[in-house]
Amino acid sequence: MTALLRGGVFDPWQELARIEAGLVKGKHGACASFVGTMRDFNVGDNVHSMSLEHYPEMTQQFLDNICTQAARRWNLIDCLIVHRYGEINPGDPIVLTAAWSAHRADAFDACRFLIEELKARAPFWKKELTDSGERWVHDTPGK
Amino acid sequence: MQLKVKFFASLSEQIGFTDTTVDVDKPATVSDVWNLATGGQTMPVNTLCAINMAYARLDDSISNGDEIAFFPPVTGGNA
């Protein structure tokens, strides 16, 4: 179970390959993954870049905790979260969640749990740079 | 008792700093810590808080050495 915070651009496919390379071959029949990527638009506005602030110690603890919860709830061989912070540009991956299991149902369900829990409660805050200046996403109606 | 207090995102901009230390000489709650640390500024609705990096409530009691954090609704992940 691995949760990583990255201050620079990461390649989700390399992250997946790195975990896969460490797994015993033939034991997992399924890997489900989700990659969230920065858009260049939000609620009708152009978005040029984004700054992603976080509460480092709490975020790490939170991500580790949801990995543990997923491993208790589903029959997983491994799971992974990678999340960016800092300055992000459109097209950059923001988040990767992945789960490996013997069968697809557990992998899909755990992968979805990780991204939904993270999105709902992990302490990250986005500040977008739009045509009209900077704005916090949590202050933006319809975010 | 002495406590570390942290503010994040728009809250730190509103308050004007990201962290401070407060001294409390009687039993207190997270809400009391807000008032001491901010000089009684109005707390925005939807403000979230944590004690020692775990989500907490404004009426939770605090202990010596705690780290208290205040922050707006979170917006991680993506759409």
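Bear in mind that the values here come from a model prediction, so they are computed numbers and not experimental data. (Residues numbered from 1 in each chain as written. Chains lettered and ligands numbered in written order. Predicted model: local features only at pLDDT ≥ 70, side-chain atom pairs only at ≥ 80, totals over all residues. Heavy atoms only, no water.)

Mind showing me how you'd approach the pattern of salt bridges here?
Any two side chains of opposite charge can pair if their charged atoms end up close together. Within the structure shown, the criterion is met by 10 salt bridges over all chains. Linking Lys-6 of chain B and Glu-67 of chain B is a salt bridge whose minimum nitrogen-to-oxygen distance equals 3.6 Å. With Lys-6 of chain B in strand β1 (residues 2-7) and Glu-67 of chain B in strand β5 (residues 67-71), this pair connects stretches of sequence that are 61 residues apart. As far as the burial class goes, Lys-6 of chain B and Glu-67 of chain B line up, both buried. Here Asp-59 of chain B ties to Arg-57 of chain B by a salt bridge, and the two come within 3.0 Å at their closest N and O atoms. A cluster of three or more residues bridged by salt bridges with shared partners is formed by Arg-6, Glu-15 and Arg-18 of chain A. (Salt bridge = Lys/Arg side-chain N within 4 Å of Asp/Glu carboxyl O. Helix = DSSP H or I, 4+ residues; strand = E, 2+ residues; numbered from the N terminus. Buried < 20%, exposed > 50% of the residue type's maximum accessible area, 1.4 Å probe, protein only.)

Even after reading the chapter, I still don't get the pairing of strand β4 (residues 45-54) of chain A, so can you show me in this structure?
Residues in a regular strand project their side chains so that they alternate between the two faces of the sheet. Residues and elements named next belong to chain A. Direction of pairing for strand β3 (residues 41-42) relative to β4: antiparallel, over a ladder of 2 bridges. Bridging across to β4, Phe-41 finds its partner in Asn-46. Linking β3 back to β4 in an antiparallel pair, the connection comprises 2 residues, with Val-43 at a positive phi of about 40°. Bridge analysis of β4 against strand β8 (residues 124-130) gives 7 bridges, and the strand direction is antiparallel. The partner of His-54 across the bridge, within β8, is Phe-124. (Pairing = 2+ DSSP bridges.)

Could you clarify how one ought to interpret the packing of aromatic side chains in this entry?
Each aromatic ring pair is summarised here by two numbers: the centre-to-centre distance and the angle between the ring planes. Counting across every chain of the model gives 9 aromatic pairs over all chains. Note on Phe-7 of chain B and Phe-17 of chain B: the rings are 5.6 Å apart at their centroids and 80° apart in plane angle, and the pair reads as edge-to-face. Linking Phe-7 of chain B in strand β1 with Phe-17 of chain B in the loop between α1 (9-15) and β2 (19-23), this pair joins segments that are 10 residues apart in sequence. In this structure Phe-17 of chain B comes out as partly exposed when scored by relative accessible area, which is 30%. Aromatic side chains Tyr-55 of chain B and Phe-71 of chain B sit 5.9 Å apart centroid to centroid with 70° between the ring planes, which places their arrangement in the edge-to-face category. Note that Tyr-55 of chain B is positioned in strand β4 (residues 54-56) and Phe-71 of chain B in strand β5, a separation of 16 residues in sequence. Chaining the aromatic ring pairs together yields one cluster made of Tyr-55 and Trp-125 of chain A together with Phe-8, Tyr-55 and Phe-71 of chain B. Cation over ring: Arg-121 of chain A sits above Tyr-55 of chain B, and NZ or CZ is 4.3 Å from the ring centre. (Phe/Tyr/Trp six-rings, centres within 6.5 Å; stacked < 30°, edge-to-face > 60°. Lys NZ or Arg CZ within 6 Å of the ring centre and 35° of its normal.)

When you look at the side chain of Thr-38 of chain B in this model, what are you seeing that I'm missing?
Residue and element names in this part refer to chain B. With respect to the secondary-structure elements, Thr-38 resides in helix α2 (residues 30-38). Assessed through its relative accessible area of 9%, Thr-38 is described here as buried. In this structure the side chain of Thr-38 is engaged in a polar contact, spanning 2.8 Å, whose partner is the backbone oxygen of Trp-34. Setting aside anything within four residues of it in sequence, one finds Thr-38 in contact with Phe-7 and Ile-15. (Polar contact = N/O pair within 3.5 Å; in protein donor to acceptor, adjacent residues only side chain to side chain. Contact = heavy atoms within 4.5 Å.)

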